[in-house]
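Structure assessment
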Amino acid sequence: MRVSGNVVVIGSINLDVIAAVARLPRPGETALAQRVDVVPGGKGANQALGAARAGARVTLISAVGEDGEQYLRYLEKHGVSVQHVMRAPLATGRAYIAVDDQGENSIIVAAGANAALTAHWILRCQDVIRSADIVLVQQEIPTAAIREALTLAADAHVPTILNASPVDAASRELGDLATVVVVNEHENRLVGIPDAVVTLGAAGARWGDDAVRPMTATTVDTTGAGDAFAGALAAALAVGRSRSQALAMAVESGTSATQWAGAQPDGFEPVADLRNLS
Ligand SMILES: Nc1ncnc2c1ncn2[C@@H]1O[C@H](COP(=O)(O)OP(=O)(O)O)[C@@H](O)[C@H]1O
Ligand SMILES: [Mg+2]
């Protein structure tokens, strides 16, 4: 059995701008931040790094603006090929996250360059998609791009994983195009795709008759657990692991992601224009 498969991830890149506040502001209110951190995020990049950490060779198809170069160097440093990342005349995607003293949050996502990821760009990347062992997509990019990617892969008999997150009206239709669908419990209630892989938080995950519970671990922060899970699942299936082996590896990766703060274990230095905010 091969140790390293070829995973192509198609998805978002975001800078997460996280403001710590004593209390989330109510409508019309202003809150002063105690500190602001800028950390790497976006489900596409998170899952690409998750697959790389699980041992796969990973190519990320995505889009950034001029302010995304530092992020791309960070991805390369961690083993993710960024040769097929499009440059758009827009700001790199951002998630503005306010977190209060209780850990409660509210999040606004600005798609930025992610919105410029077109079906046309996916077509231009068709050679890399056709030669993948598995293709992994999420829903933080335009539906037309996802549809194109899943269709291209199916034509080339390349298996695909759709992580239907954030779930929306297109999830069901996209799920029908994918080989495997990954959802958390909340998303599963909304789309209800038969035979999906369902993640269950602290209770692990199930896939048909298989169920895996995590080793008990102290939880630091569950942000990005689902992304680590999906990346590891792709890496395992890419080298021909069985469903139950792949599920066990994915649960282990998801659970280990709850051991560190943030969506990725080792973030980068904040970009220069935002450094002064903290
Ligand atoms: N509190 C937790 N303790 C242990 N493992 C967890 C915990 N939360 C999540 N995980 C792991 O991460 C995976 C995905 O988490 P889940 O909460 O279901 O998805 P999401 O990140 O979408 O909320 C789970 O299948 C599990 O392996
Ligand atoms: Mg969770």
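Note that the coordinates shown come from a computational prediction; the quantities given were computed from them, not determined experimentally. (Residues numbered from 1 in each chain as written. Chains lettered and ligands numbered in written order. Predicted model: local features only at pLDDT ≥ 70, side-chain atom pairs only at ≥ 80, totals over all residues. Heavy atoms only, no water.)

**Notes on the overall build of the chain**
The condition that has to hold: Helix numbers and strand numbers start at the N terminus; a helix is a DSSP run of H or I with at least 4 residues, a strand a run of E with at least 2. Radius of gyration here uses only the C-alpha atoms, and the compact-globule reference equals 2.2 Å multiplied by the residue count raised to the power 0.38. For the exposure calls, accessible area comes from a 1.4 Å probe over protein chains only, and a residue counts as buried if that area is under 20% of its type's maximum, exposed if over 50%, partly exposed in between. In this description, contact between two residues means that some pair of their heavy atoms is separated by no more than 4.5 Å. To measure how exposed things are, a 1.4 Å probe is used in the Shrake-Rupley method; for residues, cover is taken only from the protein chains shown. Under the counting rule used here, the positive set is Lys and Arg, the negative set is Asp and Glu, and His together with the chain ends is not counted. Note that the charge is assigned to NZ on lysines, CZ on arginines, CG on aspartates and CD on glutamates.
Counting its regular elements, the chain contains ten helices and 14 strands. In terms of C-alpha radius of gyration, the chain reaches 18 Å, essentially the compact-globule figure of 19 Å for 278 residues. Judged by the C-alpha coordinates and their principal axes, the chain covers about 50 × 45 × 35 Å. Burial status across the chain gives 50% buried among its 278 residues. A fraction of 67% describes how many contacts in the chain between residues 6 or more apart in sequence connect residues 24 or more apart. On the chain, roughly 13000 Å² of surface is accessible, and the fraction owed to carbon and sulfur atoms is 52%. For the chain, the centre of its 21 positive side-chain charges and the centre of its 29 negative side-chain charges are spaced 3 Å apart.

**Describing the confidence of the model for the chain**
Definition in use: What pLDDT expresses is the predictor's confidence in each residue, scored from 0 to 100.
In this model, the chain carries a mean pLDDT of 93, and residues with pLDDT of at least 70 account for 95%. Confidence drops under pLDDT 50 across residues 271-278; counting only partners more than four residues distant or on other chains, this segment forms eight contacts.

**Let's talk about the packing of aromatic side chains**
This is how the line gets drawn: The rule is short: rings of Phe, Tyr and Trp, with Trp giving its six-membered ring, pair when the centres are within 6.5 Å, and they are stacked under 30 degrees, edge-to-face over 60, tilted in between.
For the structure on display, the rule yields one aromatic pair. Between the aromatic rings of Tyr 71 and Tyr 74, the centroid separation amounts to 5.9 Å while the plane-to-plane angle is 75°, which identifies the pairing as edge-to-face. Taken as a pair, Tyr 71 and Tyr 74 lie in helix α2 (residues 69-77) at a separation of three residues, close to a single helical turn. Look at Tyr 74 and you get buried, because its relative accessible area is 5%.

**Overview of the nonpolar core**
Note the following rule: Note on terminology: a nonpolar core comprises buried Ala, Val, Leu, Ile, Met, Phe, Trp, Tyr and Cys residues joined through side-chain atoms within 4.5 Å.
Of all hydrophobic cores here, the largest spans 42 residues; its most connected members are Val 7, Ile 13, Val 58, Leu 75, Ile 161 and Leu 233. Here this core takes eight residues from helix α8 (residues 225-238), the largest share from any one element. Dropping the residues within four chain positions of it, Leu 233 is found in contact with Ile 161, Val 182, Val 197, Trp 207, Ala 246, Leu 247 and Ala 250. Of all hydrophobic cores here, the second largest spans 37 residues; its members include Val 8, Ala 88, Leu 162 and Ala 164.

**What about the site of ligand 1?**
Using the following cut-off: Near is defined per residue: the residue qualifies when any heavy atom it owns lies within 4 Å of the molecule or strand. Polar contact criterion, stated in full: a pair of N or O atoms within 3.5 Å, where within protein one must be able to donate a hydrogen and the other to accept it, and residues adjacent in sequence count only if both atoms are side-chain atoms. When residue character is reported, Ala, Val, Leu, Ile, Met, Phe, Trp, Tyr, Cys and Pro are called nonpolar, Asp, Glu, Lys and Arg charged, and the others, Gly included, polar.
Within the structure, ligand 1 sits among 17 residues, and Asn 184, Thr 199, Gly 201, Gly 204 and Gly 226 are positioned closest to it. At 3.5 Å, a backbone N or O of Leu 200 approaches an oxygen atom of ligand 1. Within the backbone of Gly 204, an N or O atom sits 2.8 Å from an oxygen atom of ligand 1. In terms of residue class, the shell around ligand 1 is made up of seven nonpolar, ten polar and no charged.

**Notes on the sheet that holds strand β8 (residues 105-110)**
What counts here: Between any two strands, pairing holds if DSSP finds at least two bridges. Whenever a helix is involved, its axis is fitted only over the stretch in contact; in every case the axis is a line through C-alpha atoms, and angles between N-to-C directions fall within 0 to 180 degrees.
Spatially, four strands are ordered β3-β2-β7-β8 in an open sheet, and the strand pairing comes out mixed. Taken across any chain shown, the strands that pair with only one partner, and hence form the sheet edges, are β3 (35-41) and β8. Sheet twist, expressed as the mean angle between neighbouring strand axes with direction ignored, is 20°. Direction of pairing for strand β2 (residues 14-20) relative to strand β7 (residues 93-99): parallel, over a ladder of seven bridges. Paired with Ala 20 across the two strands is Val 99, which belongs to β7.

**Some details on α8**
This is how it is decided: To estimate how far a helix should reach, multiply one less than its number of residues by 1.5 Å.
With 14 residues, α8 should reach 20 Å at 1.5 Å per residue; the first-to-last C-alpha distance of 20 Å fits that figure. Counted residue by residue, α8 has 13 buried out of 14 residues, so it is predominantly covered.

**Focus on α2**
Helical geometry note: an α-helix holds 3.6 residues per turn, so side chains three or four residues apart project in the same direction. Let me state the cut-off plainly: In this description, one arc is meant: the one made by directions from the helix axis to the C-beta atoms.
Among the residues making up α2, those that are buried are Tyr 71, Leu 72, Tyr 74 and Leu 75. What you see down the axis of α2 is that its buried residues fit within an arc of 160°, all on one side. In the core, the buried residues of α2 are packed alongside β2, β3, α1 (43-53), β4 (57-64), β5 (80-81) and β6 (85-87). Positioned one or two residues after α2, Gly 79 has a phi angle of 85°, which is positive.

**Notes on unusual backbone geometry**
Cis geometry marks the peptide bond from Ser 165 to Pro 166, where omega comes out at -5°. Within the secondary structure, Pro 166 sits in the loop between β10 (160-163) and α6 (171-177). A positive phi is found at His 157, a non-glycine position, where the angle reads about 60°. Relative to the elements of secondary structure, His 157 occurs in the loop between α5 (143-155) and β10.

**With respect to the pairing of β2**
Looking along a regular strand, one sees side chains alternate from face to face of the sheet. In the sheet, β2 pairs with β3 via seven bridges, with the strands oriented antiparallel. Counterpart to Ile 18 in the pairing with β3 is Asp 37.

**Brief notes about the side chain of Thr 199**
With respect to the helices and strands, the residue Thr 199 is situated in strand β12 (residues 197-199). In this structure Thr 199 comes out as buried when scored by relative accessible area, which is 15%. When near neighbours in sequence (up to four residues on either side) are disregarded, Thr 199 contacts Val 182, Val 183, Asn 184, Glu 185, Gly 204, Ala 205 and Phe 229.

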